[in-house]
Each structure stands twice: as C-alpha cells, then as structure tokens.
Amino acid sequence: MARIVGGISTSHIPAIGNAIAKGLQQEPYWKPFFDGYPPVYEWLDRVKPDVAVIVYNDHGLNFFLNSMPTFAIGAAAEYRNEDEGWGLRPLPPFPGDPKFSWHVIESLVADEFDITICQDLKVDHGFAVPMSLLFGGKGKWPVRTIPLEVNTVQHPLPTPARCYKLGQALGRAIESYSQDLKVVVVGTGGMSHQLEGKRAGFINKEFDLYCMQKIVTDPKALTKYTIPELVELAGSQGPELIMWLIMRGALRGRVTKLHSNYHIPISNTGAGLLLLENAA
Amino acid sequence: MRLDQKGPFDAHDIPGTTLFDGTQAMKGYALNHMCWSFNAEANRQDFLRDPEAYCTKFGLNEAQKEAIRTKNVLAMLEAGGNIYYLAKFAGIFGLSVQDIGAQQTGMSVDEFKARLVAAGE
C-alpha cells in the first residue's frame, strides 16, 4: 500500500526561482533562507519518496476568472510550466502519475470532495518553485507528481476547516492505493504577506510563528479562523495557510517535527519551512 | 458576491485592503482578462505597439484605461484589478512587487524594502 512518509511546507515565491536560476543561494540576502533547506534534502535523500503531492495555488497561468475551480487536481502524464509574464524561466516538464491521480480522484469524490479533474494542467510558480527548491539540481525530477490546486485568487476561498478536511480525505485516498509507494505531501505558499493596497508590505511575524507551532501540535486550532480573519492577521495573501492545512490534514499518523526555519523578508513575505515526519 | 457581514467576519473593513470578491471580479473582468493575456510574449509585444488599441480590444472602461496609462496600481485595484493579473502588466515594465508596494504605499523602494526587513526584527 502507498504510505505517506511525511509532509513539507514551504514558500513558493517567484523570486526564489530566480535566485536558484542565478545561483544566488549564498548571497547575504538569500543565505538565511536557503540555509534552512539542507536538513530537508538529507531527509529526502534518506527516505526517497516516489511521489510528491504538491498542494498549491495557481496565480493566473492555467486558470482565469472565466472558470475558477475551488479545488482542482491533475490527472496527466506530464505537467508543463510556462511563461507567467514577468521573466521567471520555465522549468522542464514534471512527470505525473495518472493512474495514482485517478485513484485519488475516485477516493476524494467518494468521500464527497467533488474536485475539478484536469487532464491538461499548466503548473505555475506555486508548484514549480517548491519542486525546484526540494528536488532541483539532480538532472531530472526524482519524483512523480500530483498537483492539487486551490483557489486563493477570487473570494470566497475555501475555509481553513474545509481545507483541513480535504487534507484528511487526501490522506485516506493516498493510503488506500494498492501500490507500494512512498508519498510526500507538500503544502506551499505563505506565510503572512500582502501585495496589494495601501497595506502592501504587511507581515505578521508573531502570527506566522504561532501558525508554525500550532500546525504541528494542534492544527484544529487554525481551522477556527475564517478567511477574512486570516486576511486581517496575515495579509491578503496570508490565507495561503489553507494549503499548509491540506498538507497537515493528510498526515494522519504520529507526526513529529524534524526541522523548521523562518525568515523575514523574502520578497514581501515571511518565509516558513517545516519538515514533518508521519509515522504509522 | 459581497456579503454585508458585520464584526470580525468582514474583511471589507480592513484598512488599506480590498478583498477580491464577486463585486470586484465582475467590475474588473475586462482589465484582468487583458492582463491575463500578458502570459504570452506575443501579446505583450502587441500591447506595447499600441496600448490604447489593445485596451479597447479587451473592452476596458475609461477608468481602467486611465489606470493602465498612468501605471497606477491603486487605481487598477479600484477598477477591479486583481493583483496576480496586474503583476503580469507590471512585468512588462520590469516592476517587482517591491516597486509596486512602494508605489501603493507612497514610499521610496528603499523605504519599502527597509519596512519589510524591519518586520523581521
């Protein structure tokens, strides 16, 4: 049976992709951020997951306001990254696992999560930057992927409570797959930031650190927030926390925090990293 | 649609913040649609050749056109723009999220960056 070996939460800011492309990891601005990652690389090298489920939000590459799904999932053999309009170099295609995707889809829908099914899905920096951060630099991608996309563009966004439940259903879906696979679930985005309006530049370190602690020990405490409350506390893009909650919901075993890092600022955000082990 | 909720559940009262809800999404559809088209290099070049004609092709209203002409991000938001699509417009001119953050808050870019650093202290 497939097994969820752990969960990772990480920022997906485009500037990180540029920093990787230009080899700036040891520059003073970037060092405190990238220095957080080696313990995650060591864990990935040791555990060697076969599949990564990447929970992310599209920022206007694949989806537009003409038809905006609340939750969408990829069911393709390959996912392409493309030009998003502001200069981030597209990465090579990411391998999918359509058979596994369809199993997850069937399980989620049977579990009353009626997700939008995408056989053709362009993945933007929300997906590509975490892949590059976690699995890049090895010549080819060492994992197959399942993209799980969440609307954080157009309100109403799904509630934190709903997202946590989706994560639990995702966990049941993965663990009911008959193939003997090791799976890592990655929740991307965050943490506090606000790109637009007169409150642009808003960051809330205290709340970010609270979330990083609670999501490990008491994730249900975070499901009590409404989306508008998260906007108030963490900025207009702060609700990206819901993708971390999907990741956390999928970890239904004994969860241990193996590593964490937090740094301000990366671009306009507080950047958080968590590595969680999920033991049977 | 905008719900006229009161109390802590209403993000419409957060200062300096416009929630991109149904009202904004309807108001800004043409503007956002145009900005979405800027994913493609050929469309970015088309826009640069004749910005007015490109705006007209996408059906922007006068407030949206004026916001685009003056590259005024707060005016684009007021006209229904969504920051993720507007970022593609900003990208044409090489403007980063710090540049547009500075513009929206009336700071210099250096002041805006210093404020971000200060948030970590």
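Small disclaimer: the values here were computed from a predicted structure and weren't measured.

### Side note on the confidence of the model for chain B
So, step 1. Scored by pLDDT, chain B has a mean of 92; 91% of the residues are at 70 or more.
So, step 2. Every residue in residues 1-8 of chain B scores below 50 in pLDDT, and together they form eight contacts with partners more than four places removed in sequence or on other chains.

### Some details on the nonpolar core
So, step 1. Counting residues in hydrophobic clusters, the biggest one holds 110 residues, and the most contacted among them are Val53(A), Val55(A), Val186(A) and Ile246(A).
So, step 2. When residues of this core are assigned to their parent elements, the largest contribution, eight residues, is made by helix α10 (residues 241-250) of chain A.
So, step 3. Look past the residues within four positions of Val55(A) in its chain and what remains in contact with it is Leu148(A), Val150(A), Val185(A), Val186(A), Gly187(A), Thr188(A), Met243(A), Ile246(A) and Met247(A).
So, step 4. Counting six residues, the second-largest nonpolar core is a separate cluster that includes Phe202(A), Ala102(B), Phe112(B) and Leu116(B).

### Some details on the sheet that holds strand β10 (residues 269-279) of chain A
Residue and element names in this part refer to chain A.
So, step 1. Overall, mixed pairing links the eight strands, which are arranged β6-β3-β7-β2-β8-β1-β10-β9 in an open sheet. Every other strand in the sheet has two partners, leaving β6 (116-118) and β9 (254-266) as the edge strands with one partner each. Each strand axis lies, on average, 15 degrees off the axis of its neighbour in the sheet, ignoring direction.
So, step 2. Here β9 pairs with β10 via 10 bridges, running antiparallel. Of the residues in β10, the one forming a bridge with Val255 is Asn278.

### So, the packing of helix α4 (residues 98-110) of chain A against helix α6 (residues 160-175) of chain A
Residue and element names in this part refer to chain A.
So, step 1. Interaxial distance between α4 and α6 falls to 9 Å at its minimum, and their mutual angle equals 130 degrees. Judged by the inter-axis angle, α4 sits oblique to α6. The crossing of α4 and α6 is right-handed. Side by side, α4 and α6 meet where His103, Val104, Ser107 and Leu108 of the first sit next to Ala169, Leu170, Arg172, Ala173 and Ile174 of the second.
So, step 2. Grouping the amino acids of the contact of α4 with α6 by side-chain chemistry returns six nonpolar, two polar and one charged.

### Comments concerning the interface of chain A and chain B
So, step 1. Residue-level contacts link 32 residues of chain A with 40 residues of chain B.
So, step 2. If you list the elements that add at least two residues to the side of chain A that touches chain B, you get α9 (227-234) and β9 of chain A.
So, step 3. With four residues, α9(A) is the single largest residue contributor to the side of chain A that touches chain B.
So, step 4. Tallied by class, the residues present in the side of chain A that touches chain B amount to 12 nonpolar, 12 polar and eight charged.

Conventions we followed
- Residues numbered from 1 in each chain as written.
- Chains lettered and ligands numbered in written order.
- Predicted model: local features only at pLDDT ≥ 70, side-chain atom pairs only at ≥ 80, totals over all residues.
- pLDDT = per-residue confidence, 0-100.
- Contact = placed C-beta atoms within 7 Å.
- Core = buried A, V, L, I, M, F, W, Y, C linked by C-beta atoms within 7 Å.
- Buried ≥ 20, exposed ≤ 12 C-beta atoms within 10 Å, placed from the backbone.
- Helix = DSSP H or I, 4+ residues; strand = E, 2+ residues; numbered from the N terminus.
- Pairing = 2+ DSSP bridges.
- Axes fitted to C-alpha atoms, helices over the stretch in contact; angles between N-to-C directions.
- Parallel < 35°, antiparallel > 145°, perpendicular 65-115°, else oblique.
- Left-handed = near helix turned anticlockwise from the far one by under 90°.
- Nonpolar A, V, L, I, M, F, W, Y, C, P; charged D, E, K, R; others polar.

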